[in-house]
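Commentary on secondary and tertiary structure
Listed below are the residues making up each chain.
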Amino acid sequence: MRFIYACLVLTTVVFGSAAAEAVTPADYAGRFEVDMKEDIPPLEELRKMFAPKPVYDRKFDYFWNIGKIFDKGFAQTIRSYGTRQTRLKWPGEETMLEQLKNTPKEYYPYIGPYLHTIPGISEKVLNLPGIKETKNRFPKRVAPQLADIENLEFMSPALYFALMPELWKDNDVSREKMKFQRLPQTNRYDTKFIKKVMETVPPEDYAPGATPQEPLQSRLRTISPDATSPLTGKDVQAVVRSLEALADYGENINNKAKIIEAGALLDAWENSKGTGAILPNIKDLVNPCQRLVQKIRMQGMEHEFSAIIAGEGFNMEEWAYTCDKTIKAYRVLRMSTPELMTLLLYKRNVYQNQLNAYPEKIAPSVAVTMQSMVEMYKAPLNDVLEVKKNHQAVKDAFEKIRYRIVFQPIFLK
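To keep things clear, this report deals only with the structure shown in the data block. For every chain, the first residue of the written sequence is number 1, and numbering continues from 1 along that sequence. The predicted origin of the model limits local features to residues at a pLDDT of at least 70 and limits the giving and counting of side-chain atom pairs to 80 or more, whereas totals for whole chains, interfaces and linings rest on all residues. Water and hydrogen atoms were dropped before computing side-chain values, which therefore reflect all heavy atoms in the structure.

1. Considering a nonpolar patch on the surface
Side chains of F193, I194, V197 and M198 sit close together on the surface and give an oily, nonpolar patch of about 330 Å² of accessible area. Strands here are runs of E lasting at least two residues and helices are runs of H or I lasting at least four, both read from the DSSP assignment and numbered beginning at the N terminus. Here F193 lies in helix α7 (residues 191–200). Relative accessibility decides the category of a residue: with a 1.4 Å probe and only protein chains considered, values under 20% of the type maximum give buried, values over 50% give exposed, and everything between is partly exposed. Look at F193 and you get partly exposed, because its relative accessible area is 49%. Patch members must show over 30% relative accessible area and no salt bridge, and they are joined within 9 Å when carrying like charges or within 5 Å when they are nonpolar side chains of Val, Leu, Ile, Met, Phe, Trp or Tyr. Note on areas: Shrake-Rupley with a 1.4 Å probe; residue coverage comes only from the protein chains shown. One speaks of a salt bridge when a side-chain nitrogen belonging to Lys or Arg is within 4 Å of a carboxyl oxygen belonging to Asp or Glu.

See the structure below:
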């Protein structure tokens, strides 16, 4: 959850976004669907499309190489610079001001000193009450894990955020504590749920002393799996073996660099046409394997990757669908009670009033973060049961690859 909050804070400062008058998380459900057949522009075209553009043309390369052609317009601009009465608005000024106003004031001592060191930043931002007072000041509250370091006050202001006690897990105290109300239990069990379990797992087959007989669908591989086909136990086992086989592939630094570049361009392209998930990388958390295949295709890296997963009888699309279904089912098995309560509150729009209170540039980022949590845990009962039978093998495979494939997070521990 910390990772998602960090993405939310940093991205809304840099990018911002346009929002409707009232947004709901469900409005962004379609943004998380992955079209494996989508026609993505060539990589070179995307590089040119999203290449950084110079903010201002100085008309010369270096102060000792100013050229030989006199530019009258440029000369007038230089002479009049600094004498005009109106202040030029700094790009991104309003977005940053909105973000700072929605940031708790106790965070200012850790971000304000760094803002004062950024060249060309807007004076309106630097003079914001609470930020203005932090210039050249070392934070007074320091995390106990760092307090004993000698000459700590000489740390770069860019790293002051690490001094915040709340950033450290051992010091993390929730700003809002949920109050639980004890209610009398009228029925300990959901009879419909128990009935469904009994139908799926008959006691006569699984009770102590019984001779369990594995269902036929668990003993066979799915032919040409797609996004909706159910998982089988053999499918899960094949995914586990493929993840272990991809461990070395994911450690290759060249593979990581190419996947990171493709991911940044893919997010930028989707956001430019209004189909992206707004926040970078958040769509990758929902369907990590399908997004990974998209990026591999963008970089023309299919040959080596296909050769690895072909050992388990998958092509790239079949592997992506089966892998993502396995991951989602495993997430459901590992879900904690607070996570389940949070998902239910999101789905029932309990936070809608709070969401409506956000500025229109920030509300979509908050809503899409909420919906991403809902999408991450979408798994049918059949898939969960099949993964449960192979739970330890799946867990061991994830730990072996440190829950990542080529820099691609596949599970949030």
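2. Observations regarding the packing of helix α9 (residues 233–245) against helix α20 (residues 391–400)
Axes, fitted as lines to C-alpha atoms, cover a helix only where it is in contact. Angles between the N-to-C directions of the axes lie from 0 to 180 degrees. The contact between α9 and α20 brings their axes to 9 Å, and the two run at 20 degrees. As judged from the angle between their axes, α9 and α20 are roughly parallel. Like other packed secondary-structure pairs, α9 and α20 cross with a definite hand, here left-handed. Contacts between α9 and α20 involve V236, V240, L243 and E244 on the former and, on the latter, A393, V394, A397, F398 and K400. Angle categories: roughly parallel below 35 degrees, roughly antiparallel above 145, roughly perpendicular from 65 to 115, and oblique for all the rest. Here is the rule for handedness: rotate from the far helix to the near one, and if that takes an anticlockwise turn smaller than a right angle the crossing is left-handed, while a clockwise turn gives right-handed. Note on contacts: a residue pair qualifies if any of its non-hydrogen atoms lie within 4.5 Å across the two residues.

3. Concerning the side chain of E375
Tracing the backbone through its elements, the reader meets E375 in helix α18 (residues 363–376). Classification of E375 by relative accessible area gives buried; the value is 8%. For the purposes of these results, a polar contact is taken to be a pair of N or O atoms within 3.5 Å, where, inside protein, one atom must be able to donate a hydrogen and its partner to accept one; residues adjacent in sequence count only when each atom of the pair is a side-chain atom. Side-chain polar atoms of E375 contact the side chain of K378, separated by 3.3 Å. Here E375 is in contact with A29, F32, V286 and K328, once residues within four sequence places are set aside.

4. Describing the environment of S272
Topologically, S272 is positioned in helix α11 (residues 253–272). By relative accessible area, S272 is classed as partly exposed at 47%. For the pair S272 and F50, spaced 222 residues apart in sequence, the C-alpha to C-alpha distance is 9.9 Å.

5. Some points on the nonpolar core
As a rule of thumb, nonpolar side chains are buried together in soluble globular proteins. L243, L292, I296, F305, W319, F398 and I405 are the most contacted members of the largest nonpolar core, which has 38 residues in total. Secondary-structure elements contributing two or more residues to this core are α9, α10 (247–251), α13 (288–298), α14 (302–309), α15 (316–333), α19 (381–389) and α20. When near neighbours in sequence (up to four residues on either side) are disregarded, I405 contacts L243, L292, W319 and I410. In plain words, nonpolar cores are sets of buried Ala, Val, Leu, Ile, Met, Phe, Trp, Tyr and Cys residues tied together by side-chain atoms within 4.5 Å. Judged by nonpolar contacts, the second largest core, of 22 residues, contains Y28, L279, V366 and A367.

6. Looking at the packing of aromatic side chains
When two rings of Phe, Tyr or Trp (its six-membered ring) have centres within 6.5 Å they constitute a pair, described as stacked for plane angles under 30 degrees, edge-to-face for angles over 60, and tilted for the intermediate range. Taken as a whole, this structure holds six aromatic pairs when the rule is applied. Seen in terms of ring centroids, F305 and W319 are 5.2 Å apart; in terms of plane orientation they differ by 80 degrees. Their pairing is edge-to-face. In this pair, F305 is assigned in helix α14 and W319 in helix α15, connecting sequence segments 14 residues apart. By relative accessible area, F305 is classed as buried at 0%. Note on Y330 and F398: the rings are 5.1 Å apart at their centroids and 80 degrees apart in plane angle, and the pair reads as edge-to-face. In this pair, Y330 sits in helix α15 while F398 sits in helix α20, placing the two residues 68 residues apart along the sequence. On the basis of relative accessibility, which here comes to 1%, the residue F398 falls in the buried class. Placement of a charge over a ring requires the Lys NZ or Arg CZ to be within 6 Å of the ring centre, with the centre-to-atom vector within 35 degrees of the ring normal. Taking NZ or CZ as reference, K273 lies 4.3 Å from the ring centre of W269, over its face.

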